[in-house]
Amino acid sequence: MNNELIIERLEYVISLGIEVSTLRRVNDKFHVPYDKYVGFRAPAMSLLNFMFKDNDSYFIAFNKSVYENSVVCVNAGIEILRALRFEVSKGWLYTVRELITAEVFGDFLEMSKYLLDEGYKDASAVMIGSVLEEHLRQLCNKNSIEISFEKLGKIVFKKAEVLNADLVKANVYKLGDQKSVTAWLDIRNNAAHGKYTEYTQDRVELMYEGVNNFITRIS
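So, here's what we can say about the structure. Since this is a predicted model, take the numbers as computed values, not measurements.

### Examining the pairing of strand 1 (residues 148–151)
Move 1: Pairing of strand 1 with strand 2 (residues 154–157), which is carried by four bridges, proceeds in the antiparallel orientation. Considered in strand 2, the bridge of K151 is made with K154.
Move 2: Where strand 1 folds back on strand 2, the antiparallel hairpin that results is connected by two residues, among which L152 adopts a positive phi of roughly 55°.

Structural data, given as structure tokens:
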């Protein structure tokens, strides 16, 4: 998700919290109206879940702190969101995450290169393709592009080629890169489905170099 959009959404949710915190139930100075409390908590949790899912310290802290419609809980939620906004504005939050991701991707790409050098082109192609697909998902998350949709009451994750097209539409990268990504995904799919004669060792080597370069350039 783009940092400017995150900050904009955070400021909106914080403003909701500030508005709610000034309200009081009749004859009760310690609590706010429940419907207004929910109107603050729900969009805040939606944003935090979109950013982190349910396993980040910010998500957990907000979920545990804003547990009832008391003024204290609402104010605690506001302060948590303000701290998050500050981290995002400084670029600290995603810098750390991207560094970790880069390290993990580097490890997998190194493994795929070892397999390739040993002649295991098929396993290498699958591994490189998996790294590429995960990178596409992370680019979508960073640029506010949905990676899933609801169908018949179930969450369905978009295929990698759809993410590829969505990223080009959002101007994250250009048509030339899209065509390259399509070709790499095609090799990965062939490898994953046992169509080993559809590509050569040389093509997987070019795939390795290309994906490595793509991840470095488009981060």
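Still more to cover.
### Regarding unusual backbone geometry
Move 1: Backbone geometry places S144, a non-glycine residue, at a positive phi of 60°.
Move 2: You can see S144 is positioned in the loop between helix 6 (121–142) and strand 1.
Move 3: Positioned with a positive phi, N171 is a non-glycine residue whose angle comes to about 60°.
Move 4: Mapping N171 onto the fold places it in the loop between helix 7 (160–169) and helix 8 (175–192).
Move 5: Classification of N171 as exposed rests on a relative accessible area of 57%.

### Examining the nonpolar core
Move 1: By size, the foremost hydrophobic cluster in this structure holds 30 residues, and its most contacted members are L136, L167, Y173, V181 and F214.
Move 2: Looking at this core, the elements with two or more residues in it are helix 5 (92–117), helix 6, helix 7, helix 8 and helix 9 (201–217).
Move 3: Counting residues per element, this core draws most heavily on helix 6, which supplies seven residues.
Move 4: In this structure, V181 is in contact with L132, L136, N164, Y173 and F214, ignoring residues within four places of it in sequence.
Move 5: Core analysis: the second largest hydrophobic core is formed by 26 residues, I14, V20, M51 and F62 among them.

About the cut-offs
- Residues numbered from 1 in each chain as written.
- Predicted model: local features only at pLDDT ≥ 70, side-chain atom pairs only at ≥ 80, totals over all residues.
- Heavy atoms only, no water.
- Pairing = 2+ DSSP bridges.
- Helix = DSSP H or I, 4+ residues; strand = E, 2+ residues; numbered from the N terminus.
- Buried < 20%, exposed > 50% of the residue type's maximum accessible area, 1.4 Å probe, protein only.
- Core = buried A, V, L, I, M, F, W, Y, C linked by side-chain atoms within 4.5 Å.
- Contact = heavy atoms within 4.5 Å.

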